[in-house]
Amino acid sequence: MFATITKSSAISSKVMTAVKSAPRFSSALLHTQPIYQEGENEDTAPINALGARLGLSLDTNVLKQALTHKSLDSTNNNATLEYIGKKVTGLFVTEYIHSRYPQIHPGAFNTTLRAYVGNKSFSKIATEVGLQHTVDWKAPEDDSVKLGQSTVLADCMHALIGAVYQEQGQDAAKKFIHDFVLSRDFNVKPSIKVQEPKRHLSILLKQLNKQPAISKLVSETGRHSSAPVFIVGVFSGENKLGEGFGSSLKMAEFRACQDALTSYYGQEYKDFTLPSDAENVDKYVANPLGNTQAII
């Protein structure tokens, strides 16, 4: 049974967004005819131009290796740099997500991590900066081998990060990752959804030593019509944890419990110091580690 309280409130709309990005380079810049400088040739000029656009002061040979995909079966490919780049990227993106969303549960954490470092995201970044005009790769002759340009672009983008880390150190690699990867917006809230929010919330509150959740009918309209709308709030003691609406009490309660979980696991810290910046501050205070996800 739902307890009823006299209170009307509007449900704030949930804006569900995916990874959004703004191209950092105009198409005109990416497709201008190369102006060869002294010592450059038709092969190296586009590579050096890419390095300049990305703010990289890497040797031309290093850049060329990073952009030479392993599909060419060459001994001077980017396989090692790609491997290093993926590990370095994973480290800095992981510490950033953890510091910004310390309560986020493992499933949502992994989804957010993939959104930043997955092939789809990296391929899009690579296309925006014009990497497709400089990579060197070979399409597989065997149809059973699945290798497309998007995968190649993502691999080469990782290799570039590996090259920056190898040649200039972790600070330079970290700056590159924050400038081109972590500067992209991602809404973590949709990834926090769970299958049984009411049960999950009940166990989470018990784990946190909080009062059990109680669902209350906040307001309703058209109960006896063909299109009723119920607004339900879920409370722990006097604290309102979440709110949801629906055409039935059950649906509204489901959404209210999900909203409560989203509010808890999606808590965002605006002011934080990354662990990798600990030596750069007078007194480093570690961010909260967060609680273990409720096991149901």
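Remember, predicted model here, so these are calculated numbers, not experimental data. (Residues numbered from 1 in each chain as written. Predicted model: local features only at pLDDT ≥ 70, side-chain atom pairs only at ≥ 80, totals over all residues. Heavy atoms only, no water.)

Draft legend 1. Just the packing of helix α5 (residues 106-117) against helix α6 (residues 119-128), in detail. Here α5 crosses α6 at 25 degrees, and the two axes come no closer than 5 Å. As summarised for this structure, α5 and α6 are arranged roughly parallel, according to the angle between their axes. For the pair α5 and α6, the contacting residues are A115, Y116 and V117 in the first and N119, S121 and F122 in the second. Of the residues that constitute the contact of α5 with α6, the class distribution is 4 nonpolar, 2 polar and no charged. (Axes fitted to C-alpha atoms, helices over the stretch in contact; angles between N-to-C directions. Helix = DSSP H or I, 4+ residues; strand = E, 2+ residues; numbered from the N terminus. Parallel < 35°, antiparallel > 145°, perpendicular 65-115°, else oblique. Contact = heavy atoms within 4.5 Å. Nonpolar A, V, L, I, M, F, W, Y, C, P; charged D, E, K, R; others polar.)

Draft legend 2. Highlighting helix α10 (residues 249-265). Look at α10: 24 Å from first C-alpha to last across 17 residues, which is about the 24 Å you get at 1.5 Å a residue. Here α10 has its buried residues at A252, E253, A256, C257, Q258, D259, A260, L261, T262, Y264 and Y265. Where α10 is buried, its residues touch α9 (197-207), β2 (213-221), β3 (229-236) and β4 (239-246). (Expected span 1.5 Å × (residues − 1). Buried < 20%, exposed > 50% of the residue type's maximum accessible area, 1.4 Å probe, protein only.)

Draft legend 3. Summary view of the pattern of salt bridges. Under the criterion given, the structure shown has 11 salt bridges. Measuring nitrogen to oxygen at the nearest pair gives 3.3 Å for the salt bridge that ties E82 to K70. Linking E82 in helix α4 (residues 79-100) with K70 in the loop between α3 (60-66) and α4, this pair joins segments that are 12 residues apart in sequence. Residue classification places E82 among the buried positions, given a relative accessible area of 4%. (Salt bridge = Lys/Arg side-chain N within 4 Å of Asp/Glu carboxyl O.)

Draft legend 4. Geometry of unusual backbone geometry. At N209, a position not held by glycine, the phi torsion is positive, near 60 degrees. Relative to the assigned elements, N209 resides in the loop between α9 and β2.

Draft legend 5. Quick look at the packing of aromatic side chains. Under the definition given, this model contains 4 aromatic pairs. Ring geometry for F176 versus F180: centroids 4.7 Å apart, planes at 35 degrees, classification tilted. Of this pair, F176 and F180 are both found in helix α8 (residues 170-180), 4 residues apart, which corresponds to roughly one turn of the helix. For F176, a relative accessible area of 4% corresponds to the buried category. For F180, a relative accessible area of 8% translates into the label buried. Across the ring face of F235, the terminal group of K216 is positioned such that the distance to the ring centre comes to 4.7 Å. (Phe/Tyr/Trp six-rings, centres within 6.5 Å; stacked < 30°, edge-to-face > 60°. Lys NZ or Arg CZ within 6 Å of the ring centre and 35° of its normal.)

Draft legend 6. Fine view of the pairing of β3. Counting buried residues in β3 gives 7 out of 8 residues, a clear majority hidden from the surface. The pairing of β2 with β3 spans 8 bridges and is classified as antiparallel. Looking at β3, one finds that A213 is bridged to S236. Relative to β4, β3 runs antiparallel, the two being bridged by 7 bridges. The residue of β4 that forms the bridge with F235 is K240. Connecting β3 to the next strand, β4, in antiparallel fashion are 2 residues, including G237 with a positive phi near 65 degrees. (Pairing = 2+ DSSP bridges.)

None of this, on its own, says anything about what the molecule does.
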